[in-house]
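# Examining the three-dimensional arrangement
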Protein chains: 2
Amino acid sequence: MFTRLLLTGSAALFLMGAAPITQQGSATQPSPQEVLDAAPASAWMTIPAEDLVVMTLADGSVVEYQLAPDFAPAHVANIRQLVRSGYFDGASILRVQDAYVVQWGRADEDKTEAKGINPTPPAEYEFAPPADFKALPYRDAYAEAVGHVKSWPVASDGKSDWLVHCYGMIGVARDVAPDTGSGTQLYTVIGHAPRHLDRNLAVVGRVINGMEFLTDRPRGTEELGFYKDDTQRIKIVSVKMAADLPAEARPSFQVLDSDSPTFAAWVKARANRSGAFFVKPAGAVDLCNALAPVRGIK
Amino acid sequence: MFTRLLLTGSAALFLMGAAPITQQGSATQPSPQEVLDAAPASAWMTIPAEDLVVMTLADGSVVEYQLAPDFAPAHVANIRQLVRSGYFDGASILRVQDAYVVQWGRADEDKTEAKGINPTPPAEYEFAPPADFKALPYRDAYAEAVGHVKSWPVASDGKSDWLVHCYGMIGVARDVAPDTGSGTQLYTVIGHAPRHLDRNLAVVGRVINGMEFLTDRPRGTEELGFYKDDTQRIKIVSVKMAADLPAEARPSFQVLDSDSPTFAAWVKARANRSGAFFVKPAGAVDLCNALAPVRGIK
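Residues numbered from 1 in each chain as written. Chains lettered and ligands numbered in written order. Predicted model: local features only at pLDDT ≥ 70, side-chain atom pairs only at ≥ 80, totals over all residues. Heavy atoms only, no water.

## Things to note about the relation of the copies chain A and chain B
Of the transformation placing chain A onto chain B, the axial shift is 0.0 Å and the rotation is 180°, giving an RMSD of 0.0 Å. Both copies of the chain, as the preceding transformation shows, are related through a two-fold rotation axis. Most of the interface of chain A is mirrored in chain B: 100% of its interface residues are interface residues there too. (Least-squares fit on C-alpha atoms with pLDDT ≥ 70 in both. Contact = heavy atoms within 4.5 Å.)

Okay, here's the thing in structure tokens:
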């Protein structure tokens with residue numbers, strides 16, 4: 001979930017005006033929200049400002065995303081450099097394809113030099129299985145095991161692991177192999193997780209705030225949801241690393257620590273929705289329905 | 001997928017301007033699009049006009065959805081009656097919660113009589129396993145088996161089956177049990193499939209065209225993504241059964257028949273994306289990434 005916790009998305013459907021009873025659990029099974037409300041401060045990890053990107057669109061909307069240097073270090077280094085060299089200032093949202101992705105970058109990419117980056121980074125589509133992989137106790141259609149590493153959604157075939165294309169996750173657009181994309185064009189998932197993309201593209205981050213300012217856009221009219229021209233494209237006026245903003249203007253966010261007991265209790269609550277509203281708890285949860293909660297702290 | 005087939009959503013990410021090479025398969029594995037292009041006419045089933053609802057919004061956008069009377073007959077009978085009695089004319093989009101649902105109905109529901117419906121239909125959250133259930137040969141996090149019945153996405157625990165809350169599927173909003181919702185408020189899924197809702201609400205249909213005119217809306221500012229008042233709500237100016245429209249104005253759609261050999265080939269193509277773009281075919285596909293293709297025929 002990439003919205004403020006008051007809008008968890010785990011609430012179910014009400015007739016308008018009813019109290020959010022779906023956010024209440026039962027006597028034996030708290031709701032996800034109740035687990036979070038009871039969480040100690042130590043269950044939350046602050047996202048480093050060096051990993052946080054602040055993107056401002058032409059209408060003043062702000063989208064914030066977190067980079068994942070532990071998993072895609074070369075691509076993340078490129079992205080930080082692109083941000084800092086001002087490459088994305090004057091970029092646009094290029095493509096909005098319903099049920100699939102929003103993609104952004106420079107419409108004049110072929111004419112704009114990307115300074116100081118590695119133009120041919122290694123693929124970084126997969127990585128050696130980290131020791132701190134915490135598997136979910138549930139099946140997955142695509143992988144032998146799924147779970148979390150440092151609060152990121154990860155899948156594994158036992159021999160290698162990879163970041164998963166869940167809603168809000170960010171990947172690097174590329175051409176056909178051997179191109180691996182440099183980071184000049186990025187996309188985020190706006191529909192049911194397109195898991196067939198896993199291990200085929202570099203996944204480098206996730207949108208943690210302002211996702212709605214990407215998803216509420218008109219869908220592109222050209223093939224694959226591309227916008228036709230600059231009259232349709234949505235301009236990006238600035239992209240900054242949070243670390244480079246003055247302290248008083250710097251946003252800050254925390255993510256629930258997937259190594260915490262709270263996280264395990266929260267996953268169990270997501271998998272077993274109970275209380276007055278739910279007739280039948282599912283007894284399981286898909287990885288992409290167990291995305292680490294994020295909250296703003298300023 | 002609920003868009004015209006030119007925008008399948010199965011395409012992956014390109015640098016802008018490249019040809020859609022992702023829609024080409026390999027020598028041994030056609031792409032999903034190639035399978036559809038080669039499909040005989042007999043692989044496509046026309047959606048009955050009596051099951052097709054045409055909803056026009058205030059800005060002229062049209063959203064079309066298909067009802068599922070085979071699975072939720074009492075709720076579907078109510079919805080047809082609500083449409084025909086004009087109950088939804090003057091209804092609105094009430095709620096848009098990012099990554100979750102769009103919900104619509106009358107904002108003044110408590111003051112507006114729903115004539116001629118069954119106000120307390122049976123739950124219809126599950127049904128006896130149909131003989132024509134075609135299981136996918138892949139795992140699922142939530143169910144023992146998943147697959148299709150008459151081109152609808154279905155899950156099964158061996159003892160009962162249910163329609164699945166995939167992207168674009170439509171359910172009936174309700175209050176707490178024993179209320180089962182009458183059909184006066186409906187919602188559709190606009191994010192990763194919220195499978196914890198399966199077997200907890202009546203699933204009655206799916207959006208088959210114009211989904212983008214629901215998903216591109218501003219997200220609601222109130223709790224659970226509800227709109228604050230009529231200044232935010234998006235008015236629905238008319239809702240009609242396609243069967244009641246004059247023939248020359250009646251839209252018509254076909255869905256790929258899940259009992260056809262083409263469908264099985266298409267699922268296999270979705271599960272094994274190959275060709276120049278894909279480095280690693282997944283070897284499996286999630287039910288909600290195998291939604292029966294729909295095409296407009298007029």
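There's plenty left to go through after this.
## What to know about helix H4 (residues 261–271) of chain B
Every buried residue belonging to H4(B) is among Thr262(B), Phe263(B), Trp266(B), Val267(B), Ala269(B), Arg270(B) and Ala271(B), and all of these are buried. Those residues of H4(B) that are buried are in contact with helix H1 (32–37), strand S7 (145–149) and strand S14 (253–256) of chain B. (Buried < 20%, exposed > 50% of the residue type's maximum accessible area, 1.4 Å probe, protein only. Helix = DSSP H or I, 4+ residues; strand = E, 2+ residues; numbered from the N terminus.)

## Some details on the state of the cysteines
Residues and elements named next belong to chain A. The full count for this structure, using the stated rule, is two disulfides over all chains. Here Cys 166 connects covalently by a disulfide to Cys 288, the sulfurs 2.0 Å from one another. On the sign convention where negative is left-handed, the bridge of Cys 166 and Cys 288, at about -70° about the S-S bond, is left-handed. Taken together, the residues span a long stretch of sequence, with Cys 166 in the loop between strand S9 (161–163) and strand S10 (169–172) and Cys 288 in the loop between helix H4 (261–271) and strand S15 (294–296) at a distance of 122 residues. Neither Cys 166 nor Cys 288 differs from the other in exposure class; each is buried. (Disulfide = S-S within 2.5 Å.)

## Some remarks on the packing of aromatic side chains
Within this structure, the stated rule accounts for 12 aromatic pairs over all chains. Here Phe71(A) and Trp152(A) contribute two aromatic rings whose centre-to-centre distance is 6.3 Å and whose plane-to-plane angle is 70°, an arrangement assigned as edge-to-face. Placement of Phe71(A) in the loop between strand S3 (62–67) and helix H2 (73–84) and of Trp152(A) in strand S8 (residues 152–156) is noted, with a sequence separation of 81 residues between them. Relative to Phe88(B), the ring of Tyr87(B) has its centre 5.5 Å away and its plane inclined at 85°; by these criteria the two rings are edge-to-face. (Phe/Tyr/Trp six-rings, centres within 6.5 Å; stacked < 30°, edge-to-face > 60°.)

## Considerations on the sheet that holds strand S14 (residues 253–256) of chain A
Residue and element names in this part refer to chain A. The strand order across the open sheet built from three strands is S1-S14-S15, with neighbouring strands paired in antiparallel fashion. Two strands lie at the open edges of the sheet, namely strand S1 (44–46) and S15, each paired on one side alone. Averaged over all neighbouring strand pairs, the angle between strand axes comes to 30°, with direction disregarded. Where S1 and S14 come together, three bridges link them in antiparallel fashion. Within S14, the position partnered with Trp 44 by the bridge is Leu 256. (Pairing = 2+ DSSP bridges. Axes fitted to C-alpha atoms, helices over the stretch in contact; angles between N-to-C directions.)

## Focus on the pairing of strand S13 (residues 234–241) of chain B
Residue and element names in this part refer to chain B. Here strand S2 (residues 52–57) runs beside S13; their pairing, made up of five bridges, is antiparallel. Residue pairing in the sheet places Leu 57 in a bridge with Ile 236 of S13. With two bridges joining them, strand S4 (residues 92–97) and S13 adopt antiparallel strand pairing. Counted as the bridge partner of Ile 93 is Ile 234 from S13.

## Topic: the interface of chain A and chain B
On the side of chain B, 77 residues touch chain A, which itself brings 77 residues to the contact. Roughly 6,900 Å² is buried in total at the junction of chain A and chain B, and carbon and sulfur atoms are behind 58% of that figure. Here Lys280(A) makes a salt bridge to Glu126(B), at a shortest N to O gap of 2.9 Å. Connecting chain A to chain B are 31 residue pairs in polar contact (both at pLDDT 80 or more). When residues of the side of chain A that touches chain B are traced back to their parent elements, those giving at least two are strand S4 (92–97), strand S5 (101–105) and helix H3 (212–215) of chain A. Residue composition of the side of chain A that touches chain B, grouped by class: 42 nonpolar, 14 polar and 21 charged. (Buried area = accessible area lost by both parts, 1.4 Å probe. Salt bridge = Lys/Arg side-chain N within 4 Å of Asp/Glu carboxyl O. Polar contact = N/O pair within 3.5 Å; in protein donor to acceptor, adjacent residues only side chain to side chain. Nonpolar A, V, L, I, M, F, W, Y, C, P; charged D, E, K, R; others polar.)

## Some remarks on helix H2 (residues 73–84) of chain B
Residues and elements named next belong to chain B. Helix length check: H2 (12 residues) gives 16 Å between terminal C-alpha atoms against 16 Å at 1.5 Å per residue, within 8%. Every buried residue belonging to H2 is among His 75, Val 76, Asn 78, Ile 79, Arg 80, Leu 82 and Val 83, and all of these are buried. Packing partners of the buried residues in H2 comprise S2, strand S3 (62–67), strand S10 (169–172), strand S11 (186–189), strand S12 (203–209) and S13. Just downstream of H2, Gly 86 is the residue with a positive phi angle, here 80°. (Expected span 1.5 Å × (residues − 1).)

## Digging into unusual backbone geometry
Cis peptide bonds are those with omega within 30 degrees of zero, and the linkage from Ala177(A) to Pro178(A) qualifies with 15°. Even without being a glycine, Arg199(A) presents a positive backbone phi close to 70°. On the secondary structure map, Arg199(A) appears in the loop between strand S11 (186–189) and strand S12 (203–209). By relative accessible area, Arg199(A) is classed as buried at 12%. Phi angles above zero are rare outside glycine, and Lys150(B) is one such case at about 50°.

## Some points on the pattern of salt bridges
Residue and element names in this part refer to chain A. Across all of its chains, the model carries 34 salt bridges over all chains by this definition. Between Glu 50 and Arg 80 there is a salt bridge, and its shortest N-O distance comes to 3.4 Å. In this pair, Glu 50 is assigned in the loop between S1 and strand S2 (52–57) and Arg 80 in helix H2, connecting sequence segments 30 residues apart. Across the pair Asp 140 and Arg 195 runs a salt bridge, and its minimum N-O distance is 2.9 Å.

## Overview of the environment of Asp140(A)
Tracing the chain through its elements places Asp140(A) in the loop between strand S6 (134–135) and strand S7 (145–149). For Asp140(A), a relative accessible area of 3% puts it in the buried group. Filtering out sequence-adjacent residues up to four positions away, Asp140(A) remains in contact with Val146(A), Arg195(A), Asp286(A) and Arg139(B).

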